[in-house]
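Fold and geometry: a report
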Amino acid sequence: MNRINELHELIHYHNQKYYVDDAPEIADRDYDMLLRELELLEAAHPELVTADSPTQRVGGDVSAQFSPVAHAVPLQSLQDLFDENELQGWLSGIFAKQSDAQFIVEPKIDGLSVALSYEEGVFVRGATRGNGEVGEDVTANLRTIQTIPLRLNEPATLTVRGEVYMPRDVFAQLEGFKNPRNAAAGALRQKDPAITAQRKLSMFCFGVLHSDNLAYEDDEQALAIMRQLGLRVIDHKLCATAEEVLAEVQRIGMARATLPFDIDGAVIAVSQHDIRQQMGATSKFPRWAAAFKYPPEERETTVLGVEVTVGRTGVLTPTAVLEPVLLAGSTVARATLHNQEQINEKGIHIGARVLLRKAGDVIPEIVRVLQPVSDEIYQLPTQCPSCGTTATLDGAALRCENFTHCPAQLLRGLIHFCSRAAMHIEGLSEAILHKLLEANLLQTAADLYRLQPTQLASLDGLGEKSAQNLCAAIEQSKAQDPARLLFALGIRHVGEDAAKLLLREYRTMHALIAATQEIISETTKTGKLKTKHKVELDVDGIGTAMAESLRSYFSQAANLDLLNQLRDLGLNMTTALPAQTDGSLAGKTFVITGTLPTLGRKEAAALIEQHGGRVSGSVSAKTDFLLAGEAAGSKLTKAQALGIAVINEDQFLQLF
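Conventions used here
Residues numbered from 1 in each chain as written. Predicted model: local features only at pLDDT ≥ 70, side-chain atom pairs only at ≥ 80, totals over all residues. Heavy atoms only, no water. Helix = DSSP H or I, 4+ residues; strand = E, 2+ residues; numbered from the N terminus. Buried < 20%, exposed > 50% of the residue type's maximum accessible area, 1.4 Å probe, protein only. Contact = heavy atoms within 4.5 Å. Patch = residues over 30% accessible without salt bridge, like charges linked within 9 Å, V, L, I, M, F, W, Y side chains within 5 Å. Areas by Shrake-Rupley, 256 points an atom, 1.4 Å probe, with all protein chains shown as cover. Salt bridge = Lys/Arg side-chain N within 4 Å of Asp/Glu carboxyl O. Pairing = 2+ DSSP bridges. Axes fitted to C-alpha atoms, helices over the stretch in contact; angles between N-to-C directions. Phe/Tyr/Trp six-rings, centres within 6.5 Å; stacked < 30°, edge-to-face > 60°. Lys NZ or Arg CZ within 6 Å of the ring centre and 35° of its normal.

**What about the overall build of the protein chain?**
Per the secondary structure count, the protein chain includes 24 helices and 24 strands. The principal-axis extent of the C-alpha atoms belonging to the protein chain is close to 80 × 65 × 60 Å. Within the protein chain, the fraction of its 656 residues that count as buried is 46%. Taking as baseline every contact in the protein chain between residues at least 6 positions apart, the subset at least 24 positions apart corresponds to 66%.

Printed below as a string of structure tokens:
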């Protein structure tokens, strides 16, 4: 139908003007009316709906999983340069061999790298970078991104590389994400494209990976062609000298706080493609391009006050309340001060003007005091702010030892007990637990299993239906594996992995409790008598500190009484986990890092544990394998330095 074709042309044109050229020619309402007219016509004539129709940006089907896509041209990562001396050295090395080299310099957007494929001008497939060789097919989700044209201005066949990101103003409206990159990664991997569309992602293209019959000799020409085709190309500058490159890198660094997106550096790449071919690549990255990494962004602010909270293990944690400041893409108004030693070391006091940054671009921290206004360094209280008990020094930490009657510790402990990784009691939020404590309905975790729907329904804001649902969730949690219960108890040093290791070995909570009390003496080769906890000897990965913590916890009558109550209330005390030595991965320790193409981290960890392996959170000399996905980071660097085997998802699955 002629009108459908006409609407295609009109909407594609206005998409280009609005999303790519940033020069809209019609009002939003007029654009919406054009799109609505097309939707109605296509609804009446579904046989005329084409893949490049503007209405196809949000698909209706929900994919079961993302299919793997082998990249025809590998999507390599870049060598990192961390200071201007390294950059000067890298440039000098290139100019020594290629005196006429020119460089494209552009911001390195902190997002997700993808490849877009077009056939005869129509967008046909989009894939994440994955491990560089194989990515995941996210075509349906990429169609929802307005800055990705579904049809080019010319019928070209090519594959381009770009970066999907979440604009800062969009991220500011979301909750529950650490930074825009994490939010973008989560949005692009949604099973339902409609959810991806709601996240309002955007994209810039920065390179042609492959093309049919497009003539270009350098990146400057390739970028111009992409822009001509209707692709949104990132701003860049062509530089002919090392001085020009350095000046542009510095300019981008100075401007990064004002950019509408997060960046984690600047990309410097040789523009001429014949020089690129001569220079080649290593097994990891091209020799003709590098990424300059800026130091963490820093901002000045003022310490308005200090709040002290009590954690579930009794540690008093001070947090600086700050004058709000925009830092690395989000507004920061608080920063953890850790302990008195660090406060003293930095001379932090209320009213001080301080320099703030995000450690790892995530966690706000005070770097130093810039302008002191007092000599009186802030001092942590000597008494617990929750129960008034005198706090004791435990290493660098101040701790409230009133474990059984401190309201703050009880609340934090119950929050941990109900959490997803522990007993996973859905719907039992911090707010509800706080109300239950105020109503004097909870003294220990066992009291959760005595709650009645009428008691819950009497709480402010909770109706009868919600109360019944909560009681059902509490009842269901009784069947959780005792490894979860052990973790839920909040014993110092005992994390998720350790709890699983212990229950695999001893099978029942009763056997574990008995083992923790047993200390075995042995004579070493030197003739000295040495004692160790039985759990330390029996279970690989359990050290002296953890064994002593277990012994201390299970030697207290109140804790044993709690476990007996939980058992009598019907909680599961016998594990269904496979024995520790079962499976093809028995004795092997894995660390998982980065984003895997198809598996979630918990899925990968479950596979390892089902086959007898162990999952650790940190890389050490005892690590056997690092399972690395996209954006692996510092764990990959450490594993390579230690000579640990690094495997991708495909190699991981082959282990089974």
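**A few points about a nonpolar patch on the surface**
Together, Leu653, Leu655 and Phe656 give the surface a local cluster of nonpolar side chains, amounting to about 230 Å² of exposed area. By the secondary structure assignment, Leu653 is in helix α24 (residues 649-654).

**Re the pattern of salt bridges**
As enumerated under the stated definition, the model contains 24 salt bridges in all. Glu365 is paired through a salt bridge with Arg357; the nearest N and O atoms lie 2.7 Å apart. Judged by relative accessible area, Arg357 falls into the partly exposed class, the value being 27%. Through salt bridges with shared partners, one network takes in Arg3, Glu6 and Glu37.

**Side note on the sheet that holds strand β7 (residues 157-165)**
An order of β5-β4-β7-β8 is seen for the four strands of this open sheet, with the pairing classed as antiparallel. Pairing within the sheet leaves two strands with one partner each, and these edge strands are β5 (122-128) and β8 (202-212). Here the average twist between neighbouring strands, direction ignored, is 25°. As judged from the seven bridges shared by strand β4 (residues 112-119) and β7, these two strands associate in the antiparallel manner. Residue pairing for β7: Ser117 is matched across the bridge by Thr159.

**Overview of the packing of aromatic side chains**
If you walk through the whole model with that rule in mind, you get eleven aromatic pairs. Taken together, a centroid distance of 5.3 Å and an interplanar angle of 85° make the contact between Tyr553 and Phe554 edge-to-face. Looking at Phe554, the relative accessible area reads 2%, which means it is buried. Positioned over the ring face of Phe204 is Arg232, at 3.9 Å from the centre of the ring.

**Structural notes on the pairing of strand β13 (residues 316-327)**
Relative to β13, strand β12 (residues 298-310) runs antiparallel, the two sharing seven bridges. Its bridge partner lying in β13, Thr309 is registered against Thr317. In this structure, the hairpin formed by β12 and β13 is closed by a connection of five residues, where Gly314 is found at a positive phi of approximately 90°. Across six bridges, β13 lies against strand β14 (residues 330-336) in antiparallel orientation. Counterpart to Thr319 in the pairing with β14 is Thr336.

**Re the pairing of strand β23 (residues 625-628)**
Here β23 shows no split at all, with Phe625 and Leu627 on one side and Leu626 and Ala628 on the other all buried. Taken together, the four bridges between strand β21 (residues 589-593) and β23 define a ladder with parallel strand orientation. The residue bridging Thr593 from the neighbouring strand is Ala628, located in β23. Here three bridges tie β23 to strand β24 (residues 645-647), and the two strands are oriented parallel to one another. The residue of β24 that forms the bridge with Phe625 is Ala645.

Keep in mind that these numbers describe shape and distance, not what the molecule does.
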